[in-house]
Amino acid sequence: MCDESGLVIMQNLEFSSMSLSDEMLQSIQKMGYTTATPIQSEVIPYLLQQENADLVALAQTGSGKTAAFGVPLLEKIDARQGQIQALVLAPTRELAAQIEDILGKLMKPLGMRSMTIYGGQSYTVQRSQLKKKPQVLIATPGRLVDLLNQNLLDLTGLKVLVLDEADRMLSMGFEEDLQTILSYTHSADGDHERASCQTWLFSATMAPGVKRILNRYLHKPKIVEQLSGNQGVSSTLKHHFVTVRNGYRKQALLRIVKSIDNFYGIIFCQTKKDVAEVEELLRGHDISCMSLHGDKQQREREHILKSLKAEKFSILIATDVAARGIDVKNLSHVIHYSLPIEIESYIHRSGRTGRNGEEGLVISIMEPSDFSKLNRLQRATKIQFTPYSLRKTEDVLKGIAKSELDQLSHFKSDSHIMRELKKICGELLTEQETNLFSTAEWIAALIHSKMRDHSIWRDDIYIQDFNPQSRPEGRDRRETGSRSGQKRRGPPSSFRRGGGGGGRRKPSKPSFKS
Ligand code: ADP
Ligand code: MG
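J.: Account for the overall build of the protein, with residues named and values stated.
T.: For the protein, the count of helices and strands is 19 helices and 16 strands. Expressed as a percentage of its 514 residues, the buried residues of the protein come to 50%. Within the protein, contacts between residues separated by at least 24 positions form 77% of all contacts whose residues are at least 6 apart in sequence.

Okay, structure coming up:
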């Protein structure tokens, strides 16, 4: 429900006012929840009341969708029956593991068993877990299909099927797998499919492919849409951008990371190669960080996420595998090392910060070829993007100089090595050089020579006067064209799609779909 300004009207119910079992209320209390979030307030009472209802729930990132389906789902399960009664599908292993974590906590006093199924796990382990007759399955589509095809799963007792982040499942290429799974839970009835179970779909974003699934498999679903004006982006987020000339992304990233105290966040990259490069860059500057992408072993992926949640390190560099659903409390920043190709991806990546009403800062690093993407993104989401104020070079240098001077002051000038060095320097320096610099200048030169990459602190690599606009795309191009060859103010010629010069990262498919 939205007011005129597009803001979701908060109607937060107390969990105790919902018709929940005592055991469920206990678990909810143990998790520290007292008041339901708006999506939970709207969805839980409805699903509890309905014996058989399909549902589409769209709500912004970090709004508590997991418990919104988890609570009613568990309330519908009969713990005495050792049969699979609920199936939750999620696009990534990380999200599946996280859903199991929340459902696990909720079901603790209910005497139920759950199991997570994803690729990379041993079949033997999965077979033996299945023998324990779990009532709740949480799965990524690929491995689930394998098990179904091997006749290892019996879904005939299924009461609830949840598709979490369905649009991501489709964009990851799981459509066929999803259809296969749905063929086990639904049967053809004219143009539609009838299900023996309720089907609930949850996401912060929708895609045309999902509507196809929805039209075919969901029966007169109730649609609950709690997307504020910003299309699923939490309103507690601030969105900034930094524009650099071609080839200076790394310098901008370093400057941003180095000048934010207590940075705790995720840097999202488009490719594994970018992830590796950024990791090497930060480590080369003694910034501790870890990285996550699809090529890493599952155990390592889990370990990295656990360590991030435990604040054992504070900077994660990741591809979109970490963009969906991952819930790490209190992340302060999300940086888009480059803008993603799809709007949904921007929304979900950004939604890793500013969760559950917290504040969060999102910074996108842009080269001129990204200008049109940002314009389209602003038009489609109505997000207000503002330039990020980089900390002044002068201030950052002050910090560096001070810490270097502190270190210098620890040297004892009467030590043997210092005496030797002083003698050698005295012999090496010509009289002219000795007279040339003051002590301060010599120290400054020393610090300067120790700093690894001076271009980090250069101000002339930034383009100051780009402002995202909501003009039609055609005008973007024409304007850019007319400026080509001129002194670079605003979008330079590399901004033109298909144009020869400059733009390093051109999207291979049409970028932002509006
Ligand atoms: P979404 O799926 O909408 O992105 P999550 O289900 O991951 O959001 O929840 C986001 C965070 O909010 C989690 O840390 C979760 O534990 C917390 N949370 C969910 N519901 C409540 C509630 N009613 N009260 C307090 N915290 C909550
Ligand atoms: Mg979620």
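J.: Before we move on, can you summarise the environment of V362 with the specific residues and values?
T.: Note on placement: V362 falls in strand β15 (residues 360-366). Judged by its relative accessible area of 0%, V362 falls in the buried class. The sequence separation of V362 and R349 amounts to 13 residues, and the corresponding C-alpha distance is 9.3 Å. For V362, the contacting residues outside a window of four places in its chain are L237, K238, H239, H240, V334, H336, Y346, S350 and T353.

J.: Explain the pattern of salt bridges to me, using residue names and the numbers behind them.
T.: In the structure shown here, the tally under the stated rule is 20 salt bridges. Across the pair E277 and K250 runs a salt bridge whose closest N-O atoms are separated by 3.0 Å. In this pair, E277 is assigned in helix α11 (residues 272-284) and K250 in helix α10 (residues 249-259), connecting sequence segments 27 residues apart. Of the charged contacts, one joins D459 and R255 as a salt bridge, the two residues approaching to 2.9 Å between their closest N and O atoms. Of this pair, D459 sits in the loop between α18 (439-450) and α19 (473-483) while R255 sits in helix α10, placing them 204 residues apart in sequence. Exposure remark for D459: the relative accessible area of 44% places this residue in the partly exposed category. A relative accessible area of 2% means that R255 is categorised as buried. Through salt bridges that share partners, R249, E367, D370 and K373 make up one connected network.

J.: Kindly report on helix α14 (residues 371-381), identifying the contributing residues and their values.
T.: One full turn of an α-helix is made of 3.6 residues, so residues set three or four places apart face in the same direction. Across the 11 residues that make up α14, a large majority, 10, are buried. Among all positions of α14, only F371, S372, K373, L374, N375, R376, L377, Q378, A380 and T381 are buried. After α14 finishes, the residue K382 shows a positive phi value of roughly 65°.

J.: Go over the sheet that holds strand β5 (residues 160-164) with me, naming the residues and quoting the values.
T.: Reading across from one edge, β3-β4-β2-β5-β8-β1-β9 is the order of the 7 strands in this open sheet, with parallel pairing throughout. In this open sheet, the two edge strands, each paired with only one partner strand, are β3 (114-117) and β9 (222-226). Taken over all neighbouring pairs, the strand axes of this sheet differ in orientation by 15° on average, direction set aside. Inspection of the sheet shows β3 paired to strand β4 (residues 136-139) by 4 bridges, in the parallel sense. The residue bridging S114 from the neighbouring strand is V136, located in β4.

J.: I'd like a description of the packing of helix α6 (residues 141-149) against helix α8 (residues 175-185), backed by residues and values.
T.: Relative placement of two packed helices is described by the angle separating their axes and the distance separating the axes. At a minimum axis separation of 9 Å, α6 and α8 run at an interaxial angle of 45°. Between α6 and α8, the angle is such that the two are oblique. Along this stretch, α6 crosses α8, giving a crossing that reads as left-handed. On α8, the residues touching P141, G142, L144, V145, L148 and N149 of α6 are D177, T180, I181 and Y184. Tallied by class, the residues present in the contact of α6 with α8 amount to 6 nonpolar, 3 polar and 1 charged.

J.: How would you explain the environment of G111 if you had to name every residue and give the values?
T.: Among the secondary structure elements, G111 is positioned in the loop between α4 (93-107) and β3. Taking C-alpha positions, G111 is 9.8 Å from E23, a pair spaced 88 residues apart along the chain.

J.: Quick rundown of the packing of aromatic side chains? Include the residues and the values.
T.: In total, this model carries 6 aromatic pairs according to the counting rule given. Here F241 and F466 contribute two aromatic rings whose centre-to-centre distance is 5.6 Å and whose plane-to-plane angle is 75°, an arrangement assigned as edge-to-face. Linking F241 in strand β10 (residues 237-243) with F466 in the loop between α18 and α19, this pair joins segments that are 225 residues apart in sequence. In this structure, F241 and F466 share a single accessibility class: buried. Clustering of aromatic rings is evident, with ring pairs tying together F241, F371 and F466. Above the ring of Y46, the side-chain terminus of K222 is found at 4.7 Å from the ring centroid.

Thresholds, definitions, all that
- Residues numbered from 1 in each chain as written.
- Chains lettered and ligands numbered in written order.
- Predicted model: local features only at pLDDT ≥ 70, side-chain atom pairs only at ≥ 80, totals over all residues.
- Heavy atoms only, no water.
- Helix = DSSP H or I, 4+ residues; strand = E, 2+ residues; numbered from the N terminus.
- Buried < 20%, exposed > 50% of the residue type's maximum accessible area, 1.4 Å probe, protein only.
- Contact = heavy atoms within 4.5 Å.
- Salt bridge = Lys/Arg side-chain N within 4 Å of Asp/Glu carboxyl O.
- Pairing = 2+ DSSP bridges.
- Axes fitted to C-alpha atoms, helices over the stretch in contact; angles between N-to-C directions.
- Parallel < 35°, antiparallel > 145°, perpendicular 65-115°, else oblique.
- Left-handed = near helix turned anticlockwise from the far one by under 90°.
- Nonpolar A, V, L, I, M, F, W, Y, C, P; charged D, E, K, R; others polar.
- Phe/Tyr/Trp six-rings, centres within 6.5 Å; stacked < 30°, edge-to-face > 60°.
- Lys NZ or Arg CZ within 6 Å of the ring centre and 35° of its normal.

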